[in-house]
Amino acid sequence: MTNVRTAFPAGHSPAAFWRGRLSRWRTRRLLETHLLVLFLCAAVAVTALFFSYRQTQRGAAALAAREAPAVQGLAAARLAALRADQEAHALVTTHLVDVAGSGETYRSQLSAADQGLSRIADRTDQDLGTVNGLLATYGNSLNLGTSMYRDQPLMREQKLDEADSLLTRRTVGLAPRLNELQRVQLRHAKATATMGQWQRAGWWLAELALALLALTLLSALFVLRDRCGRDWNPYLLAAFVLTVLLAVFPLLTTSATEDRLEEALGDLGQITQVSRHTGPGLAGAQQSVAQKSEEVRQELTDGGWTDRMYRSTVVGGLLVVVLPALGLGLRLDSDYWRRR
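In short, a report on the structure. None of these values were measured; they are calculated from a predicted model. (Residues numbered from 1 in each chain as written. Predicted model: local features only at pLDDT ≥ 70, side-chain atom pairs only at ≥ 80, totals over all residues. Heavy atoms only, no water.)

Overview of the overall build of the chain
Then comes step 1: Along the chain, the regular secondary structure elements total ten helices and zero strands.
Then comes step 2: N-terminal to C-terminal, the α/β element order of the chain is α-α-α-α-α-α-α-α-α-α.
Then comes step 3: Classification of the 340 residues of the chain by burial places 42% in the buried group. (Helix = DSSP H or I, 4+ residues; strand = E, 2+ residues; numbered from the N terminus. Buried < 20%, exposed > 50% of the residue type's maximum accessible area, 1.4 Å probe, protein only.)

If you want it as structure tokens, here you go:
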């Protein structure tokens, strides 16, 4: 019977290589060095992991609570203001302006625009004072053009033209100002949801530190078995498993969260684009914005599992710091430190 050849020649196995590299170290000094390296790697990895993961959570929460509602509110307010103008002109054109109850539609649109701006006032750091003032003046002109001057068509036309100017005047009109607010708010939303350079560097640092931690744990387990004749240390084994889990699952969760935020940002961009609609079909644009806004809300509220993952990461990170110190500390105390 022929002998089966081993995968590594004698003296050239990974164990033999690592044993040779560590041969000049005394066992006690070797274990103490492993303990120090494990503590430093764990501290760096856990700190970077907490920082990076927390930033992702904060970005998702800020997008859901502030940035997305502000983008949606500005879009809804712009469409409502445009539709109010459209409905008021339709009343005059069809000669229904003097019919009792005929102006409810445009008035409800003005009210919706005003309420929309009021709701987002505390969700944006932009100054809405000028826009609110323009909306009030614009609404007053529409009301005068539809409810007064029944026997003075020229005055009625002048007030409606004045409302049109307040709404569409280039740069300083209500619609252009809302356009600018939407552009800035969408940029804020993208900045909030996008992973920054420091956060990305934090993830790289966390993953590198976790990789070094895992290798050091394997080395410590090898030293305990090779030098001390001990069985596998349960504390170090548990720490190794947790290290692998921390290197994989928080990163996968963050990647899924970033994909979800990217999809939400795309929908917010569509909402902003649809809200730029003018002319016929404003009612359909409003319905489309409302439907897409609900989809965004669902996308941003479906991430409750990330909170559970964060709590698990906090517990796992603390254990990764404690378990190696406990495993090697007890062994050093039992074999060396008590003999002083």
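Right, picking up where we left off after that structure.
Concerning a nonpolar patch on the surface
Then comes step 1: A cluster of nonpolar side chains, namely V241, V244, L245, V248, F249 and L252, defines an oily patch on the protein surface of about 490 Å² accessible area.
Then comes step 2: Judged by its relative accessible area of 41%, F249 falls in the partly exposed class. (Patch = residues over 30% accessible without salt bridge, like charges linked within 9 Å, V, L, I, M, F, W, Y side chains within 5 Å. Areas by Shrake-Rupley, 256 points an atom, 1.4 Å probe, with all protein chains shown as cover. Salt bridge = Lys/Arg side-chain N within 4 Å of Asp/Glu carboxyl O.)

Focus: the environment of Q109
Then comes step 1: Along the chain, Q109 turns up in helix α3 (residues 104-119).
Then comes step 2: For the pair Q109 and A76, spaced 33 residues apart in sequence, the C-alpha separation works out to 9.9 Å.
Then comes step 3: Once residues within four sequence positions are removed from consideration, Q109 is found in contact with A80, R83, A84 and Q286. (Contact = heavy atoms within 4.5 Å.)

Re helix α6 (residues 174-193)
Then comes step 1: Over its 20 residues, α6 extends 28 Å from the first C-alpha to the last, a length consistent with the 28 Å expected when each residue adds 1.5 Å.
Then comes step 2: Of all the residues in α6, the buried ones are L174, A175, L178, L181, Q182, V184, Q185, L186, A189 and A193. (Expected span 1.5 Å × (residues − 1).)

Describing the side chain of T243
Then comes step 1: Relative to the assigned elements, T243 resides in helix α8 (residues 234-275).
Then comes step 2: Side-chain polar atoms of T243 contact the backbone oxygen of A239, separated by 2.7 Å.
Then comes step 3: If we skip the residues at most four places from it in the chain, T243 touches L210, L213, A214, L217 and V320. (Polar contact = N/O pair within 3.5 Å; in protein donor to acceptor, adjacent residues only side chain to side chain.)

With respect to the packing of α8 against helix α9 (residues 282-301)
Then comes step 1: Following both chains from N to C, one finds α8 and α9 inclined at 165°, their axes separated by 10 Å at the closest point. In terms of orientation, α8 and α9 fall into the roughly antiparallel class. Between α8 and α9 lies a crossing of left-handed hand. Counting all contacts with α8, which are made through R260, L261, E263, A264, D267, L268, Q270, I271 and V274, the residues of α9 involved are A285, S288, V289, K292, S293, V296, E299 and L300.
Then comes step 2: Looking at side-chain class alone, the contact of α8 with α9 contains nine nonpolar, three polar and five charged residues. (Axes fitted to C-alpha atoms, helices over the stretch in contact; angles between N-to-C directions. Parallel < 35°, antiparallel > 145°, perpendicular 65-115°, else oblique. Left-handed = near helix turned anticlockwise from the far one by under 90°. Nonpolar A, V, L, I, M, F, W, Y, C, P; charged D, E, K, R; others polar.)

Here's the deal with helix α4 (residues 129-147)
Then comes step 1: Between its first and last C-alpha atoms α4 spans 27 Å; for 19 residues at 1.5 Å apiece the expected length is 27 Å, and the two agree.
Then comes step 2: Within the sequence span of α4, burial applies to V131, L134, L135, Y138, G139, S141, L142, L144, G145 and T146.

Things to note about unusual backbone geometry
Only a minority of non-glycine residues have a phi that is not negative, and only a minority of peptide bonds are not trans.
Then comes step 1: Backbone geometry at T171 places phi at a positive 75°, although glycine is not the residue there.
Then comes step 2: Tracing the sequence through the fold places T171 in the loop between α5 (153-168) and α6.

Examining the layout of surface pockets
Then comes step 1: By volume, the largest pocket amounts to about 320 Å³.
Then comes step 2: If you trace the largest pocket, you find 17 residues lining it, with Q72, G73, A76, G116 and R119 closest to the centre.
Then comes step 3: When contributions to the lining of the largest pocket are tallied by element, the ones reaching two or more residues are α2 (27-93), α3 and α9.
Then comes step 4: Residue contributions to the lining of the largest pocket peak at seven residues, all from α2.
Then comes step 5: A breakdown of the residues in the lining of the largest pocket according to their chemical character gives ten nonpolar, five polar and two charged.
Then comes step 6: Its volume calculated, the second largest pocket comes out at about 250 Å³.
Then comes step 7: Contributing to the lining of the second largest pocket are A193, T194, M195, R200, W203, W204, E207, L251, T254, S255, E258 and E262. (1 Å grid on protein atoms, 1.4 Å probe; cavity = no way out; pocket = protein on both sides within 12 Å on 5 of 7 lines; lining within 4 Å. Points joined across faces, edges and corners; volume = space filled by probe spheres on them.)

Purely geometric numbers; function is a separate question.
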